Amino acid sequence: MQQDRVTSSKEAAIWSSIWIAIGLGFGLILLAWQGGEVSSTYYAGYLIEKALSIDNVFVFALVFSFFAVPDAYQHKVLFWGVLGALAARLVFIFVGAELLQVFFWTAYLFGAFLIWTGWKMAVSKDEEVHPDRNPIVRLVKKLIPTDPKFHGDKFFIRRNGKRIATLLFVALVAIEATDLIFAIDSVAAVLAITTNTFLVWTANAFAVLGLRSLYFCLAGLLRRFAYLHYGLAVLLAFAGVKLILSETPVGKLPIPLTLGVITLTITVSIAWSLIATRNQPPNGDDQPTATEAGSAGGGETAPAPHHPAARRGTSDKESP
C-alpha cells in the first residue's frame with residue numbers, strides 16, 4: 001500500500017532517471033538478443049511513447065488541480081492510475097494489432113485518426129477543461145454513491161453500512177478515463193511502427209511505468225514545455241502517414257528514418273520550449289501549485305494548467 005507522503009523533486013528525478021535507464025537498457029538487451037533492427041524498432045516505439053507520456057503529465061496536473069487533490073494523496077492515485085493504464089494499453093495493443101493484420105484497411109482508419117489527432121493538437125486554442133464532465137466520471141457518480149470530500153487516502157468509506165466512494169476515487173476515475181483516450185492514439189502511434197505485440201507492449205510498458213516519477217519530476221516545470229504540443233502533433237501525424245504508406249506500394253518506411261524523425265522532433269520541440277520560456281517562472285505568476293490548490297478544499301475548482309496537448313484526453317463539453 002502506498003504511503004501518504006509528498007514526493008520530493010530530487011526523489012522523483014532519481015526514480016525517473018532509473019525508469020528511463022531501464023527502458024533504454026531493455027533496448028540493449030534486444031540488441032544482443034534479436035539484433036539491431038528489432039532494437040531500433042523498440043527504441044522508435046519507446047521514444048514516441050515517452051514523448052507522448054509528457055502529454056499525460058499535463059492531464060495529471062489538470063485533474064489534481066481541478067479536484068484539489070492534496071500532494072500527499074497524489075502518489076497513491078498515480079500508483080493505481082499507472083496500473084490501470086498498463087491494463088488498458090494491453091487490451092488496445094492486442095485488439096489493434098489483430099485488426100491491422102486481419103483487415104488491411106484498418107491501417108487507413110488508424111492513420112487518418114492519428115493525422116486528425118495531430119492536426120487537432122496543433123491548432124487547438126487554450127480553453128477551460130472540466131474533468132468532472134468526462135462521460136465516464138459522470139457515469140460513475142450516477143452508479144456509485146459519492147461523498148464530495150476527501151477522507152484521508154481512502155477511495156471508499158462506509159456510512160450506515162453502505163460503501164461510499166470518496167472524492168479521491170472520483171479523481172482516480174478521471175485519471176483513468178482520460179488515459180483511455182491517450183491509450184488509443186498512443187498505441188496506434190506505435191502500431192504504425194510495428195505490429196509486433198511484444199515490442200509494442202514493452203515500449204508502452206517501460207514508458208508508462210515511469211509516468212508517476214515523471215509527473216513529480218516535471219510538475220513544477222509544465223509551463224516551460226509551451227511548444228511541446230507542436231512536436232507531439234508532428235509525431236502523431238508522421239505515425240499516421242507512416243501507417244497509411246505501409247499499405248501502399250511505398251511500403252513501410254525504414255526504421256532508421258523513423259527513429260531519426262522521432263528523435264529530431266522531440267529534441268527540437270523541447271529545446272524550442274525551454275529557450276522560449278527561459279525567463280518565465282516554472283509555475284507562472286497566476287497559477288497555484290498543487291499544494292496551494294489542495295488547500296482550497298475538496299471539490300473546489302482550482303485553476304488548471306492550460307495546454308493544447310492536455311485536451312487530447314479530456315472533454316470540456318457537457319455530456320448529454
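Described below are features of the structure shown in this document. (Residues numbered from 1 in each chain as written. Predicted model: local features only at pLDDT ≥ 70, side-chain atom pairs only at ≥ 80, totals over all residues. Heavy atoms only, no water.)

Considering the environment of Leu24
To keep it simple, the criterion reads: Think of it this way: any DSSP run of H or I at least four residues long counts as a helix, any run of E at least two long counts as a strand, and we number them from the N terminus. Working rule for contacts: check all heavy atoms of both residues, and any pair within 4.5 Å makes them a contact.
By the element assignment, Leu24 lies in helix H1 (residues 9–34). Spatially, the C-alpha atom of Leu24 lies 8.4 Å from that of Tyr46, the residues being 22 residues apart in sequence. In this view, Leu24 contacts Tyr43 and Tyr46; residues no more than four positions away in its chain are not counted.

Things to note about the packing of H1 against helix H8 (residues 211–218)
Note the following rule: Simply put, an axis is a line fit to the C-alpha atoms, just over the touching stretch for a helix, and the angle between two N-to-C directions goes from 0 to 180 degrees. Comment on the angle field: the value is read as roughly parallel under 35 degrees, roughly antiparallel over 145, roughly perpendicular from 65 to 115, and oblique elsewhere. If you view the pair so one helix is near and one far, a crossing is left-handed when the near helix is turned anticlockwise from the far one by less than a right angle, and right-handed when it is turned clockwise. The nonpolar class holds Ala, Val, Leu, Ile, Met, Phe, Trp, Tyr, Cys and Pro. Asp, Glu, Lys and Arg form the charged class, and all remaining residues, Gly among them, are polar.
Axis separation between H1 and H8 bottoms out at 8 Å; the angle between their running directions is 140°. Taken together, H1 and H8 sit at an angle that is classed as oblique. Relative to H8, the crossing made by H1 is left-handed. Here Ser9, Ala12, Ala13, Trp15, Ser16 and Trp19 of H1 come into contact with H8, specifically with Ser213, Leu214, Phe216 and Cys217. A class-by-class count of the residues in the contact of H1 with H8 yields seven nonpolar, three polar and no charged.

With respect to the packing of aromatic side chains
Spelled out, the test is: Here a pair means two rings of Phe, Tyr or Trp (six-membered ring of Trp) with centres within 6.5 Å. Their orientation is stacked below 30 degrees between planes, edge-to-face above 60, and tilted elsewhere. Burial classes: relative accessible area under 20% of the type maximum marks a residue as buried, over 50% as exposed, and values in between as partly exposed (1.4 Å probe, protein chains only).
In total, this model carries 18 aromatic pairs according to the counting rule given. Pairing Phe26 with Phe198 gives two aromatic rings, centres 6.1 Å apart and planes at 55°, and the pair type is tilted. Placement of Phe26 in helix H1 and of Phe198 in helix H7 (residues 197–209) is noted, with a sequence separation of 172 residues between them. Residue Phe198 is classed as partly exposed on the basis of its relative accessible area, which comes to 37%.

Details of the packing of helix H4 (residues 106–123) against helix H6 (residues 167–191)
Running from N to C, H4 and H6 point in directions that differ by 120°, and their axes come no closer than 10 Å. When the interaxial angle is binned, H4 and H6 end up oblique. Between H4 and H6 the crossing geometry is left-handed. For the pair H4 and H6, the contacting residues are Phe113, Leu114 and Thr117 in the first and Ile184, Asp185, Ala188 and Ala189 in the second. Its residues assigned to classes, the contact of H4 with H6 shows five nonpolar, one polar and one charged.

A word on the side chain of Asn204
Rules: Polar contact is the term for a pair of N or O atoms within 3.5 Å; when the atoms are in protein, one must be able to donate a hydrogen and the other to accept it, and sequence-neighboring residues count only if both atoms are side-chain atoms.
Structurally, the position occupied by Asn204 is in helix H7. A relative accessible area of 0% places Asn204 in the buried class. A polar contact of 3.3 Å, which involves the side chain of Asn204, links it to the side chain of Arg89. Apart from the residues within four sequence positions on either side, Asn204 is in contact with Glu49, Arg89, Ile93, Val187 and Val190.

Function cannot be inferred from these measures alone, as they are strictly geometric.
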